[in-house]
Amino acid sequence: MLYLAKMRNAEGELTENEQKIASFLLAHVSELKTVSSRNLAKQLEVSQSSIVKFAQKLGAKGFTELRMALIEEYSVNREKKHDTALHLHSTITSEDSLEVIARKLNREKMFALEETCSLMDFDRLKQVINLISKARLIQITGVGGSALVGRDLSFKLMKIGYRVACEVDTHVQAIAQALQEGDVQIAISYSGSKKEIVLCAEAARKQGATVIAITSLTDSPLRRLADYTLDTVSGETEWRSSSMSTRTAQNSVTDLLFVGMVQLNDVESLRMIERSSELINLLGRS
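In this text, all values refer to a predicted model and were calculated from it rather than measured experimentally.

(A) Spatial organisation of the pattern of salt bridges. Applying the stated rule across the entire model yields 11 salt bridges. Among the ionic pairs, Arg136 bridges to Asp183, the shortest N-O distance being 2.7 Å. Residue Arg136 is found in the loop between helix H7 (122-134) and strand E3 (138-142), and its partner Asp183 is found in the loop between helix H9 (170-173) and strand E5 (184-188); the two are separated by 47 residues along the sequence.

(B) Region of interest: helix H4 (residues 48-58). Residues Ile51, Phe54, Ala55 and Leu58 constitute the buried set of H4. Looking straight down H4, one finds its buried side chains confined to an arc of 100°; they lie on one side. Within two residues after H4, Gly59 carries a phi angle of roughly 115°, on the positive side.

(C) Just the packing of H7 against helix H12 (residues 244-264), in detail. Axis separation between H7 and H12 bottoms out at 10 Å; the angle between their running directions is 65°. Seen along the crossing, H7 lies across H12 with a hand that is right-handed. Here Phe122, Leu125, Val128, Ile129, Asn130, Ile132 and Ser133 of H7 lie close against H12, whose contacting residues are Leu256, Leu257, Gly260, Met261 and Leu264. Split into classes, the residues belonging to the contact of H7 with H12 amount to 9 nonpolar, 3 polar and no charged.

(D) Examining H7 more closely. Taking 1.5 Å of rise per residue, 13 residues should cover 18 Å, and H7 covers 19 Å from first to last C-alpha, within 8% of that figure. Among all positions of H7, only Leu125, Val128, Ile129 and Ile132 are buried. For H7, the angular spread of buried residues about the axis comes to 100°, placing them on one side. Among the exposed residues of H7, those pointing more than 90 degrees away from its buried face are Asp123, Lys126 and Lys134. Between a side-chain oxygen at the N-terminus of H7 and the backbone nitrogen of Asp123 the separation is 3.2 Å; the capping residue is Asp121.

(E) Layout of the sheet that holds strand E4 (residues 164-165). Read from one edge to the other, the open sheet built from 5 strands follows the order E4-E3-E5-E6-E7, with strand pairing classed as parallel. Unpaired on one side and paired on the other, E4 and strand E7 (228-231) mark the two borders of the sheet. In this structure, strand E6 (residues 210-215) lies alongside E7, joined through 4 bridges in parallel fashion. Paired with Ala213 across the two strands is Thr229, which belongs to E7. Against the sheet, H7 makes contact with E3, E5, E6 and E7, and its axis sits at roughly 125° relative to E7, the strand it touches most. Together, E3, E5 and E6 form the strand contacts of helix H10 (residues 195-206), whose direction differs from that of E5 by roughly 165°.

Cut-offs and rules
Residues numbered from 1 in each chain as written. Predicted model: local features only at pLDDT ≥ 70, side-chain atom pairs only at ≥ 80, totals over all residues. Heavy atoms only, no water. Salt bridge = Lys/Arg side-chain N within 4 Å of Asp/Glu carboxyl O. Helix = DSSP H or I, 4+ residues; strand = E, 2+ residues; numbered from the N terminus. Buried < 20%, exposed > 50% of the residue type's maximum accessible area, 1.4 Å probe, protein only. Arc of directions from axis to C-beta. Axes fitted to C-alpha atoms, helices over the stretch in contact; angles between N-to-C directions. Left-handed = near helix turned anticlockwise from the far one by under 90°. Contact = heavy atoms within 4.5 Å. Nonpolar A, V, L, I, M, F, W, Y, C, P; charged D, E, K, R; others polar. Expected span 1.5 Å × (residues − 1). Polar contact = N/O pair within 3.5 Å; in protein donor to acceptor, adjacent residues only side chain to side chain. Pairing = 2+ DSSP bridges.

Structure (structure tokens):
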């Protein structure tokens, strides 16, 4: 979501206070890392709630989300202006050394991890963990890189005794007749607009299952369909060769889910994990 462009083009739709907020943000976007909604409200002589409502009017959940998105957008735009080299992935170019590439990848992944964690609603996460733990059947859906994340989560959950369906074939994913009320579908999609995943979520809802979406903050069909959303943030730009930091963000959420599930029934879960390791060791001896 291009918030900078939205603010520049929305002048006629903004109130006097909203225009004041937009003008400040556009003029000081490079300094937003140190700006809080409280300080901004004091400086502009508007209420803190006005700033929150302004952020929501643009499509953000609140000022923190808007501020982070503006910082990221400004950074990406600045890179584009000063960089004429061939883009290989995100901010990585054909002129970067392997050391620079390694550092850029690390920064991108750290950003994804830190921002995903900072935006996590842990009360909601706890609710989701309790729902999943009680489900008769857990269906996990995803396409491309998200399918890899889903497959990893399915293996982990099966290891501690849960009944999980995680098919790579999207035609099989779309058949949600096995789901029923009390069951859970975990839909993983950063864009939230993949036709296959949205179709699966719609089918699950019709069967009475609870849909949990692991997706980005962008308004999307999946986000609107889901009963619960677990938000992921990625620093990747349109110059993306693969969903590297996106998968990092998604994995951080699915790993949190798994450890939370282990914690719910720690003694039995650890016993199952130990038994799984023993069985794998036996396979290695044959």
